[in-house]
Structure formats: structure tokens, C-alpha cells
Amino acid sequence: MEAGVRDYYGKTLKSGADLKTDACCSPSALPRPVREALSNVHDEVVSRYYGCGLTIPNELSGLSVLDLGSGSGRDCYILSQLVGAAGRVTGVDMTDEQLEVAERHRDHHARAFGYGNVDFLKGDISKLEALGLKDSSYDLIVSNCVINLARDKEAVLRQARRVLKEGGEMYFSDVYADRRVPEELKNDPVLYGECLGGALYWNDFLTLAKRAGFADPRLVESRPLALDAGPIRERAGHVVFYSATYRLFKLEGLETACEDYGQAVRYKGTIADDPREFDLDGHHRFEAGRIKTVCGNTALMLEKSRLGRHFDFF
Ligand SMILES: C[S@@+](CC[C@H](N)C(=O)[O-])C[C@H]1O[C@@H](n2cnc3c(N)ncnc32)[C@H](O)[C@@H]1O
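Residues numbered from 1 in each chain as written. Predicted model: local features only at pLDDT ≥ 70, side-chain atom pairs only at ≥ 80, totals over all residues. Heavy atoms only, no water.

Caption draft 1: Representation of helix 7 (residues 153-163) in the model. Across the 11 residues of helix 7, 9 count as buried, placing the element largely inside the fold. Where helix 7 is concerned, the buried positions are K153, E154, A155, V156, L157, Q159, A160, R161 and V163. (Buried < 20%, exposed > 50% of the residue type's maximum accessible area, 1.4 Å probe, protein only. Helix = DSSP H or I, 4+ residues; strand = E, 2+ residues; numbered from the N terminus.)

Caption draft 2: A look at the site of the ligand. In the region of the ligand, 22 residues are neighbours, and Y50, G69, D93, T95 and Q98 sit closest. Take T95: an N or O atom from its side chain is 2.5 Å from an oxygen atom of the ligand. Considered on its own, the ligand offers 590 Å² of accessible surface; in the complex 99% of this is hidden by protein. Among the residues forming the shell around the ligand, the class breakdown is 11 nonpolar, 8 polar and 3 charged. (Near = heavy atom within 4 Å. Polar contact = N/O pair within 3.5 Å; in protein donor to acceptor, adjacent residues only side chain to side chain. Areas by Shrake-Rupley, 256 points an atom, 1.4 Å probe, with all protein chains shown as cover. Nonpolar A, V, L, I, M, F, W, Y, C, P; charged D, E, K, R; others polar.)

Caption draft 3: A look at the pairing of strand 1 (residues 64-68). In terms of burial, strand 1 is a largely internal element, 5 of the 5 residues being buried. In strand 1, alternate side chains face the same way, and those of S64, L66 and L68 on one face and V65 and D67 on the other are all buried. Where strand 1 lies against strand 2 (residues 88-93), 5 bridges are found, and the strand directions are parallel. Residue pairing across strands places L66 opposite T90, the latter belonging to strand 2. Crossover connection from strand 1 via helix 4 (residues 74-83) to parallel strand 2: handedness right-handed. Taken together, the 4 bridges between strand 1 and strand 4 (residues 138-144) define a ladder with parallel strand orientation. The residue bridging L66 from the neighbouring strand is I141, located in strand 4. (Pairing = 2+ DSSP bridges. Right-handed = clockwise from strand over helix to strand, strands pointing away.)

Caption draft 4: Geometry of the pattern of salt bridges. Counted according to the given criterion, the structure contains 28 salt bridges. One salt bridge in this structure joins R106 and E103, with 2.9 Å as the shortest N-O distance. Judged by its relative accessible area of 34%, E103 is partly exposed. E183 is the partner of K186 in a salt bridge, and the nearest nitrogen-oxygen pair spans 3.4 Å. Note that K186 and E183 are positioned in helix 8 (residues 183-186) at a spacing of 3 residues, about one turn of the helix. With relative accessibility at 31%, the residue K186 sits in the partly exposed group. A single salt-bridge network, built from bridges that share partners, covers R32, E36 and D273. (Salt bridge = Lys/Arg side-chain N within 4 Å of Asp/Glu carboxyl O.)

Caption draft 5: Representation of the sheet that holds strand 12 (residues 291-294) in the model. Sheet architecture is open: 3 strands sit in the order 12-9-13, paired in antiparallel fashion. Edge strands, defined here as strands with exactly one partner in the open sheet, are strand 12 and strand 13 (311-313). Sheet twist, expressed as the mean angle between neighbouring strand axes with direction ignored, is 30°. As paired elements, strand 9 (residues 263-267) and strand 12 share 4 bridges and run antiparallel to each other. (Axes fitted to C-alpha atoms, helices over the stretch in contact; angles between N-to-C directions.)

Caption draft 6: Highlighting the environment of S80. Relative to the helices and strands, S80 is located in helix 4. For S80, a relative accessible area of 1% gives the class buried. Placed 10 residues apart in sequence, S80 and T90 show a C-alpha to C-alpha distance of 9.5 Å. Sequence-distant contacts of S80, defined by excluding residues within four places in its chain, comprise V89, F113, Y115, N117 and V118. (Contact = heavy atoms within 4.5 Å.)

Caption draft 7: How the structure looks around unusual backbone geometry. Residue E59 is not a glycine yet carries a positive backbone phi of 65°. Relative to the helices and strands, E59 is located in the loop between helix 3 (43-47) and strand 1. On the basis of relative accessibility, which here comes to 17%, the residue E59 falls in the buried class. Despite not being glycine, S136 shows a phi value in the positive range, around 50°. Owing to a relative accessible area of 39%, S136 belongs among the partly exposed residues under this scheme.

In C-alpha cells:
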């Protein structure tokens, strides 16, 4: 399967326009800082963007970030600007042609931003130890439409958790299915390359993430994928595919079920670009200045992560 994926992203596709579905291509509106940063990214890098959603949370200044399956580097060059000169970004990909585009524009972006803080490594995202990536070395891991392509998805999540610092998070977008994808779809190279064949059934993803040590995965946003009438939709049958962004915090003490310990928090309104309200995920919005009761897991995510200084805790 790896060889097929490498061929698809290295040789078959030349730009986002070659994709046969909108699985790997995110139409959702980008937050203003991300949009502005994107406008400074080289056209060739952007033209080879094959992501499926939002992988960039807020509050990024000074962070060390790892992008799993960084492709032509679009998200890395956006993140480079958002983490600033004090931060750093590492992209990992296994496809030479994708890495070549990303590398070729490294100096251009360093000159444009006034600093260079991006590196790219060639390798398999399920074997990060082979790349020398150390335990607890990143604040944030992002990934955009990649994990569905990996054969050993649990290994990817385990490796991600290993290299994350305590209090860090994996914030990533991927494709999921509303049921287990039938074998004949899994073995179809085009459907696999288009990020459909390898998509996990939602509930299998949740089980796998918990097994990898991420006790409470939080869904940030999701959208059903529109498969145009034609051979791909016919082959997909009744399976409905979604693009979704999850955030997985690495925190000692997270429980697999939320428990109410009588805690409450108040958002200070101090996160840049979110002065009115802050969305932790699709179910947790915090209005500035308003006390809100939360479960133990939510309290932990807010207090013991980089978000802690923006909240009062009761
Ligand atoms: C759909 S593209 C997304 C690329 C990039 N994230 C973007 O948003 O444009 C998938 C990328 O993941 C890479 N990839 C897939 N499986 C991988 C693995 N096991 N290890 C490293 N890279 C992988 C492919 O080479 C390809 O560049």
C-alpha cells in the first residue's frame, strides 16, 4: 500500500485539481490569521495542497510543531509564521516528490518571513523513532488528511503521543466513515489514494485513540464529503465519508468517561483573535467573563495545557 500511496502523491497527482473527490481538499473557511499566513505561502506549495480540513488551532506563539505527512509543506509554512521566530516546525513525509517541492521553497519562505524555522524529514510517520524524534519533544502535532493512508494507524497515534510533551496536543484533520469500509474499497488503489479506502469507521478511531493513550478525543468540526455522481460514488455504495478535525491532549489523569467533580472555569477573553469566546471543541464554547461548569477532563485540558493562562479555575 505504501508504494501505491507514494506513486499517487508523487507521480499521479500534479496539483489539487487532479483529485477525483473533495476528500483531500478543504473548502471550509479559514480563520483570519491562517488566511493571512496562507497568502504568504509560495503558489507551487499551495497548488500541491491535498489536505482535508483545519489543522491549525490558536495560541501558537513559540511552540514546537510536528506535521505528520507534511506533503508540499503548505501547513508547515503557515505554522512557521504563526509560531514565530521562537518556535519551530518539523514536517515528515515519505514521498520524494512532495518533499522536493517543500524543500525547494524553504529559503524563499525564510527570506520572506525574516527567519527560518522549518525542517523536513523523510520517513514513515508510524516509525518516528527511526528519524531520531525524541520523547516529549513537541508541543503540538498536526496532520492533514494523512493517517487514513497509514497502514498501522495505532502505531502513528502511539508515536505521536510519545513525542508530544505532557500538556501538548495532537490537532488533526482526517477522513472517517459512518461504517467499516468494505474490503473491496480498501483494496482499490484510487479510492485508497483519494483518502477514502483507508478511512476508519468513527467508532473504531475512538477505540484506537484511547488504546494509544488519548483517553478523551474531542471532535472540533466535521463535514460530510460530497462524492459527485460517477464511478467513485458507485463504488462507495452506502458508505458516507466525513472530514473531521479532532484534538487529542496528552495529559496524565484524563479519564475515558467525563465525570463531574463540581469544577468551573471562566475564560478571560485573552486569546488573540478570540476575545469574545473560545471553542475548545464542537461541544465546549466559553464566553469571555462567564463562569461555566465543566467536567474533570475539560478542566484538565484547559488548566494543564498552553490554554491555562487564559482561564480562571474554580
Ligand atoms: C493527502 S496528502 C496530504 C499532504 C499534506 N498534509 C497536505 O495537506 O497537503 C498525504 C501525504 O501523506 C504522505 N504519507 C502517507 N502515508 C505516510 C506515511 N506512512 N509516512 C509518511 N508520509 C505519509 C504522502 O506522501 C502525502 O504527501
